[in-house]
Amino acid sequence: MSDSSKEEVRITPTYTPIGINGVSWVMVEANLFEYPVPKGKKPALFGSLCTKCDRVFFPQRELCPDCFEEGGMVMKRLDSKGVIYASTLVQIPSPAGIKPPYAYGYVDIPVDKIRIHALFDGTDLATLAPGTEVELVIGPFAVNKQGQNIIGYKYRPVQSRRV
Amino acid sequence: MRNVFVIGVGMTVFGKHERSLRSLGYEACLNALKDAGVKPADIEAGYCGNCLAPALQGETGVGQHVFWEAGIKGIPIINVENACASGSTAVREAWMAISGGFYDMAIVVGVEKTVMPKGTPLNVGTGELEAKLGEVFPGYFAFVAQKHMEKYGTTREQLAKVSVKNHENGALNPYAQFNKPLTVEQVLNSAMIAEPLTLLSCCPNSDGAAAIILASAEKAKKVGKKSVRLAGSALTSGTYENQKDFTGWEMEQRAAKQAYEMASIDPKDINVVEVHDAFTICEIVHYEGLGLCSAGEGGRFIDEGHSWLGGKVPVCPSGGLLAKGHPVGASGVAQIVELAWQLRGEAGKRQVPKARVAVAQIMGGAKGSDTRACTVHVMIKD
């Protein structure tokens with residue numbers, strides 16, 4: 001994410017219930033995570049675990065495509081730590097309204113043995129090379145046509161936590 | 001299963017057109033009907049490949065609109081959407097119907113208008129989570145390029161050569177959107193889109209249409225003076241393996257194997273190929289996926305000149321998607337048009353001498369880290 005999007009975090013109310021003027025933010029998609037992240041809890045993505053074969057999926061799904069057993073899936077909070085598998089910097093606007101340049105790619109979550117498509121924090125590819133340890137951040141990453149912040153998830157390098 | 005023949009082909013010039021979808025589709029259909037020497041009343045079924053009209057033009061039922069302009073009415077008409085493989089899937093559906101004995105003659109059209117203001121990526125819908133979270137096609141293929149470079153030592157220069165080759169071919173094709181040759185330096189120094197893919201490593205947005213007439217052997221014998229056999233057709237979908245290797249597509253290898261078996265050919269029999277070179281890296285991976293060379297050898301394959309006109313198996317003599325253009329739903333049909341011309345010896349300055357066996361490959365759509373649809377067609381001049 002660019003520095004300008006960090007500015008938006010500061011000027012945006014954290015939460016406005018549905019009212020006369022609508023809401024100030026909207027989740028990119030339902031059931032991906034909790035927002036605002038409850039106090040004392042680590043941010044986490046919500047995946048599904050197949051209780052038969054132990055395979056983990058994200059986003060959540062109803063049925064394991066391999067086991068085909070109804071009711072065999074349970075919700076699982078994914079580990080917030082990951083390792084970058086691939087990253088690139090996009091120099092064109094995304095059709096979904098993300099302004100360039102922005103970085104995205106894939107993150108492997110070793111604990112859950114799953115690879116996740118994700119936006120990255122920052123635009124310096126040197127800090128986002130494959131193999132880099134990253135952690136999950138949940139927050140606004142774009143603004144929709146109604147002026148609402150879109151709340152999604154992204155990963156940032158672990159060492160930049162205190163910067 | 002019965003033999004199926006391509007008895008007529010036609011297309012519009014690809015590029016920017018200030019004309020409607022139906023006008024473009026009509027021109028392609030008319031050209032194909034004339035080429036086959038048949039009349040609209042001879043056609044028993046119509047198949048239309050289009051991907052983005054509902055999103056970009058707010059139009060549905062494109063097949064009925066286009067075929068009516070060409071005087072084709074009353075018969076079954078099927079609209080097909082399968083991302084970049086929309087046109088080729090329509091070809092396959094028509095092929096199956098004739099092969100299965102349901103019809104003796106069918107028309108397939110692929111038509112699309114995607115030209116947008118400069119620098120606008122193709123909006124293929126933002127309904128999926130990945131798209132909402134920044135996924136763009138050049139980004140996905142950038143990962144494929146990075147992993148291929150990392151695993152096999154493929155170089156930026158080798159990637160760039162795909163664009164150079166296809167622009168050189170496009171300059172020989174009057175139907176191509178781009179008619180100017182490029183240098184490796186121009187490709188490498190053009191604007192960065194998604195590391196390591198530059199602007200000239202990406203195919204353009206295009207408008208255009210292509211059409212073919214397919215017929216059974218009996219009908220082909222009666223009317224088709226120049227028919228070529230559509231000897232194999234395969235369509236696969238992805239398996240969406242979560243931690244898949246990014247350097248190749250299992251679904252492409254599977255489609256190639258099926259189509260080759262159906263046509264009783266071996267990769268070494270192939271004389272000319274059209275692939276889905278939406279991005280330079282794609283063509284290199286497709287050399288490997290189609291068995292033109294082994295895995296990891298794609299970069300060397302273009303370096304050594306094998307896929308250039310004059311090489312052992314020219315790939316994308318039409319200019320491919322990179323130079324001929326990529327009107328999404330039309331591309332899969334246009335590949336068959338080009339290969340029919342090649343097999344008939346009518347490809348002009350870009351003719352591959354004595355071409356007898358031709359292969360068309362196209363794939364489309366992203367799902368997970370896989371793609372959604374891949375077709376491989378084999379055409380033979382008997």
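In this report, we go over the structure that sits alongside the text. Just so you know, these numbers come straight off a predicted model, no measurement behind them.

Basis of the calculations
- Residues numbered from 1 in each chain as written.
- Chains lettered and ligands numbered in written order.
- Predicted model: local features only at pLDDT ≥ 70, side-chain atom pairs only at ≥ 80, totals over all residues.
- Heavy atoms only, no water.
- Axes fitted to C-alpha atoms, helices over the stretch in contact; angles between N-to-C directions.
- Helix = DSSP H or I, 4+ residues; strand = E, 2+ residues; numbered from the N terminus.
- Parallel < 35°, antiparallel > 145°, perpendicular 65-115°, else oblique.
- Left-handed = near helix turned anticlockwise from the far one by under 90°.
- Contact = heavy atoms within 4.5 Å.
- Nonpolar A, V, L, I, M, F, W, Y, C, P; charged D, E, K, R; others polar.
- Pairing = 2+ DSSP bridges.
- Expected span 1.5 Å × (residues − 1).
- Bend = angle between axes of the 7 residues up to and from the residue.
- Buried < 20%, exposed > 50% of the residue type's maximum accessible area, 1.4 Å probe, protein only.
- Buried area = accessible area lost by both parts, 1.4 Å probe.
- Salt bridge = Lys/Arg side-chain N within 4 Å of Asp/Glu carboxyl O.
- Polar contact = N/O pair within 3.5 Å; in protein donor to acceptor, adjacent residues only side chain to side chain.
- 1 Å grid on protein atoms, 1.4 Å probe; cavity = no way out; pocket = protein on both sides within 12 Å on 5 of 7 lines; lining within 4 Å.
- Points joined across faces, edges and corners; volume = space filled by probe spheres on them.

**Focus: the packing of helix H10 (residues 250-263) of chain B against helix H11 (residues 280-289) of chain B**
In helix packing, the relevant descriptors are the interaxial angle and the interaxial distance, both defined with respect to the helix axes.
All names here are of chain B.
At step 1: As a packed pair, H10 and H11 sit with axes 9 Å apart at the nearest point and diverge in direction by 45°. Regarding the angle of H10 to H11, the classification is oblique. In the packing of H10 onto H11, the handedness of the crossing is right-handed. The segment H10 lies against H11, with Glu252, Gln253 and Ala256 engaging Val285, His286 and Gly289.
At step 2: For the contact of H10 with H11, the residue count by class is two nonpolar, three polar and one charged.

**Considering the sheet that holds strand E2 (residues 45-49) of chain B**
Each strand in a sheet pairs with another by means of backbone hydrogen bonds, the pair being arranged parallel or else antiparallel.
All names here are of chain B.
At step 1: If you walk across this open sheet you meet the nine strands as E3-E2-E4-E7-E1-E8-E11-E10-E9, and the pairing is mixed. Edge strands, defined here as strands with exactly one partner in the open sheet, are strand E3 (77-80) and strand E9 (272-274). The mean inter-strand angle of the sheet, taken between neighbouring strand axes irrespective of direction, is 25°.
At step 2: Relative to strand E11 (residues 370-380), strand E8 (residues 228-237) runs antiparallel, the two sharing eight bridges. Each residue of the ladder has a partner; that of Leu235, found in E11, is Thr375.

**Remarks on helix H14 (residues 328-344) of chain B**
Residues and elements named next belong to chain B.
At step 1: Under the 1.5 Å per step criterion, the end-to-end length of H14 is 25 Å for 17 residues, consistent within 8% with the ideal 24 Å.
At step 2: At Ala334, H14 shows its maximal bend, which comes to roughly 25°.
At step 3: Burial analysis of H14 places 17 of its 17 residues in the buried class, which makes it a mostly covered element.
At step 4: At the exit of H14 stands Gly345, carrying a positive phi of roughly 75°.

**Remarks on the sheet that holds strand E2 (residues 46-50) of chain A**
All names here are of chain A.
At step 1: Strand order across the open sheet formed by three strands is E3-E2-E4, with antiparallel pairing between neighbours. In this open sheet, the two strands that pair with only one neighbour each are strand E3 (56-57) and strand E4 (73-77).
At step 2: Where E2 meets E4, five bridges bridge the pair, whose relative direction is antiparallel. Looking at E4, one finds that Ser48 is bridged to Met75.

**With respect to the environment of B:Gly25**
At step 1: Inspection of the secondary structure assignment puts B:Gly25 in helix H1 (residues 21-36).
At step 2: For B:Gly25 and B:Ala70, which are 45 residues apart along the polypeptide, the C-alpha to C-alpha distance reads 8.6 Å.

**Describing the side chain of B:His17**
All names here are of chain B.
At step 1: With respect to the helices and strands, His17 occurs in the loop between strand E1 (4-11) and H1.
At step 2: Its relative accessible area of 15% is what places His17 among the buried residues.
At step 3: Not counting the four nearest positions on each side in its chain, His17 is found in contact with Thr12, Leu24, Lys113, Asp207 and Gly208.

**Quick look at the interface of chain A and chain B**
At step 1: If you look at the interface, chain A gives 32 residues, while chain B gives 32 residues.
At step 2: Note on chain A versus chain B: buried area summed over both sides is about 2,600 Å², and carbon and sulfur give 61% of it.
At step 3: The salt bridge involving A:Glu29 is made with B:Lys132; its shortest N-O contact spans 3.0 Å.
At step 4: For the pair chain A and chain B, the interface holds 15 residue pairs in polar contact (both at pLDDT 80 or more).
At step 5: Elements with a contribution of two residues or more to the side of chain A that touches chain B: strand E5 (81-90), strand E6 (102-109) and strand E7 (114-120) of chain A.
At step 6: Among the elements that line the side of chain A that touches chain B, the one with the most residues is E5(A), at six residues.

**Concerning H11(B)**
At step 1: A large share of H11(B) lies buried, amounting to ten of its ten residues.
At step 2: Those residues of H11(B) that sit buried are B:Thr280, B:Ile281, B:Cys282, B:Glu283, B:Ile284, B:Val285, B:His286, B:Tyr287, B:Glu288 and B:Gly289.

**Things to note about empty space enclosed by the protein**
Residue and element names in this part refer to chain A.
At step 1: Inspection of every chain in the model, using the stated rule, returns one cavity of 30 Å³ or more.
At step 2: In this structure, the largest cavity encloses a volume near 40 Å³.
At step 3: The wall of the largest cavity is formed by Glu34, Val37, Pro38, Lys42, Pro43, Ala44, Phe46, Arg77 and Ile138.
At step 4: Tallied by class, residues from the lining of the largest cavity come to six nonpolar, no polar and three charged.

**A short note on the environment of B:Glu283**
Residues and elements named next belong to chain B.
At step 1: With respect to the helices and strands, the residue Glu283 is situated in helix H11.
At step 2: Residues within four places of Glu283 in sequence aside, it is in contact with Val162, Lys165, Asn166, Val275, Asp277, Ser307, Val315 and Cys316.
At step 3: Of note is the side chain of Glu283, whose polar atom sits 2.8 Å from the side chain of Lys165.

**Considerations on the pattern of salt bridges**
All names here are of chain B.
At step 1: Applying the stated rule across the entire model yields 27 salt bridges over all chains.
At step 2: Between Arg19 and Glu27 there is a salt bridge, with the nearest N and O atoms lying 2.9 Å from each other.
At step 3: For Arg19, a relative accessible area of 29% translates into the label partly exposed.
At step 4: For Lys151, the salt bridge is made with Asp245, and the minimal N-O distance between the two is 2.7 Å. Here Asp245 lies in the loop between E8 and H10 and Lys151 lies in helix H6 (residues 137-152), a separation of 94 residues in the sequence.
At step 5: Residue Lys151 is classed as partly exposed on the basis of its relative accessible area of 47%.
At step 6: Judged by its relative accessible area of 40%, Asp245 is partly exposed.

**A short note on the side chain of B:Arg229**
At step 1: Relative to the assigned elements, B:Arg229 resides in strand E8.
At step 2: The contacts of B:Arg229, once residues within four sequence positions are left out, are B:Asn3, B:Val4, B:Phe5, B:Val378, B:Met379, B:Ile380 and B:Asp382.

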